[in-house]
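Examination of the molecular architecture
Given next are the chains, with one letter for each unit.
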Amino acid sequence: MAGITLGRTALLCTLLLWIFQVGSGIVTVKVTPKVEVNRGETAKLPCTYSGTNLQDVIVDWYIEISGVRTRVAFRKNSGERMSDTGTPLTGRVTMEENLTLTITSVKPSDQLTYYCQVTAGKDGSGEDGTNLEVFVAPKKPEIKKPSQAISVGEETSSEIGTCIAMNGFPAPRIIWFKDDQPLPEVKDKNEKTHMVLSTVKEASGLHTIKNVLHMQPTKADKDSTFHCTVEYSLAGEQNKNLQMKSDPMKIELHYPSEKIMFDLFNATVVKEGDTVTLKCETDGNPQPSFDFFKDEKPLTGTDGFLILKNVKRMDSGQYICSTMDFQSFLELKTQKELDVNFIDKMSVTPTGHQFVMLGNKVEWQCKTKASKTHTVQWKKGSTVLSQDGTLSIESVAYNHAGEYMCVGAVQDVPGLTAQASVNLTVKGKPEIETPAIGEVTKEGDDVTLKCSANGFPTPQFIWKPSGKESISVEDNKVVSTVTLQATPEIMKNGVICEVFNEYGKDSKTLPVAVKRANTAEVLLSGNPVLTSADKQQGGSSAVVVAVVVCVLLLLLVVALIYFLSKKTTFCSKKDKKEAATGQVNNIVVEMKTEKANEEAGLLNKKVNTEQ
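Scoring rules and cut-offs
Note on numbering: residues in each chain are counted from 1, in written sequence order. A pLDDT threshold of at least 70 governs which residues receive local features in this predicted model, and a stricter bar of 80 or more applies before side-chain atom pairs are shown or counted, although totals over entire chains, interfaces and linings include all residues. Hydrogens are left out, water is left out, and the side-chain values use all remaining heavy atoms of the structure. Secondary structure elements follow DSSP: runs of H or I of four or more residues count as helices, runs of E of two or more count as strands, with numbering from the N terminus. Each residue is assigned to one of three classes by its accessible area relative to the maximum for its type, calculated with a 1.4 Å probe on protein chains only: buried under 20%, partly exposed between the two thresholds, exposed over 50%. Only heavy atoms enter the contact rule, under which two residues are in contact if any of them lie within 4.5 Å. If DSSP finds at least two bridges between two strands, the strands pair. A fitted line through C-alpha atoms represents every axis, and for helices the fit uses only the stretch in contact; the resulting angles, taken between N-to-C directions, go from 0 to 180 degrees.

Moving on to the environment of alanine 486. Within the secondary structure layout, alanine 486 lies in the loop between strand E43 (477-485) and helix H2 (488-493). Assessed through its relative accessible area of 0%, alanine 486 is described here as buried. Spatially, the C-alpha atoms of alanine 486 and valine 514 are 9.5 Å apart, while their sequence positions differ by 28 residues. In this structure alanine 486 touches Val440, Glu443, Gly444, Asp445, Val447, Met491 and Val512, once residues within four positions along its chain are discounted.

Set out below in structure tokens:
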């Protein structure tokens, strides 16, 4: 019974309180609980109220710093809106007509709680608070490497790198990655892999975050890549947990050597005259110093490189590289077999310059030795004459004279070749090559004649009749050139070229003739009209076609005139014939070919016959 009475009493109190509030008009203020904005933008904090119909309502906006409220803007009961001076927002804050507080050029220090307070006289007052959250994107994170190399096998964790993200707000988060895989954030320094975090608040209110990664790396980490990302947020639900990536970093790791490698650094095939570089290295870091030996004799190398210049065949053999790793105190040694390929000078028999009589046989033998299978070829110019080392010419002719080359080559070794040359001179009586006919424009002009002869010893020339002579050598031939006047006797009998040496002589007659004009020139020279046409048209074939068409039209006109002269009675037959003759004779015909001349002749003949 007592419980029922207590419940009724509570319900009655609540009802009375509601009636009192409605009757007294308590003011209710409503704001947005949280407003987000990026630095430098404009923030708008709306404020509305209800519970009063009075016009002379006072509205105040406050900020709260360390528990102390400071008014920044207000509206008087007269409706006038003003901003307070001497506040952190002075010059950047205004109250709009709808009571919204507007803050321009927002700073990180503006991240505060803002209160909108409404006072309505007898209707009472009310307030509500809104939180302004400011965001600033940090700069791209950077990684700083430790000043010293990291050694594998240390008992304690080593500093791998420091990731720094500057000028973010609120304080961002740094995440480390190894080979693109995120590392768990471990702050326990007793763990092998852990991070040490620190935050610095700048004078601008922004935060600089440092995250130092510590690890106990192994040899497998020598190829690992590290990077870090900074995780931050900006205004708006879609801009949360954004990430910015640093540049990748490789750590400088020291680890002991376990094996040694020794090999050719450049070419895989070596020949005499090459510069050979042998490289010795281990799988450790840093590289130790190396010692080089051949036939137990020390050789001088630098930084793991052994350089042999202008190698010879005697440089072939076994080379040894050895070292002592002072991290593991392990002695390492290996060897490399070097093969220097070679080819000997070409040996040719018989040697020297060969003088062979015309028609006789000549033969050379060429051979050499090489480190590998090789070829031997005889060549004259680019023509291959033999591939077995023997060059034989059964019957020597003058065109066989000249230089022959014997070339040896090792096909498996590019550039490994040797060669030797021999020269052949063919002895015998001179032989004159078929001479060209001398031509002159007209009798009495000067003519130049050439007489070419093979033979050894060098043949002597006699011209009959003689003239102004010059001698030259072309290939293996001797050429005599003479210039003289084309007299009637020379035009009739020609000029004789005689050559001789100790083995005999030869002679040929070089005819001299007037240069013949071509058919077109002959036709043009006898017809001034055709000559003029040729000059104007340049010998174009289009003129020939035009002439033929004109001739055909002319034949039709003549035939028509002839037909009319038979049927007409207005004029006498004699007068008509004279008229027709006059028309035909006054026609100028232009032709450039023999065919056109023939057609013109037929035309004139036909007209004359009719007369």
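Read on, since the account is not over.
Pairing in this open sheet of three strands is antiparallel, and the strands run E3-E9-E8 from one edge to the other. Of all strands in the sheet, those with a lone pairing partner are strand E3 (43-45) and strand E8 (93-95), marking the two edges. When the angles between neighbouring strand axes are averaged without regard to direction, this sheet yields 20°. Looking at chain direction, E3 and strand E9 (residues 101-103) are connected through three bridges and run antiparallel. Residue leucine 45 lies in a different strand from E9, and its bridge partner there is leucine 101.

This paragraph deals with the sheet that holds strand E41 (residues 460-464). Within a beta sheet, neighbouring strands are joined by backbone hydrogen bonds and run either parallel or antiparallel to one another. If you trace the three strands from one edge of the open sheet to the other, you get E41-E44-E45, paired in antiparallel fashion. Strands at the two margins of the open sheet, each flanked by one partner only, are E41 and strand E45 (504-510). In this sheet, adjacent strand axes meet at a mean angle of 20° when their direction is disregarded. Relative to E45, strand E44 (residues 495-501) is paired through seven bridges, and the arrangement is antiparallel. Considered in E45, the bridge of phenylalanine 500 is made with lysine 505.

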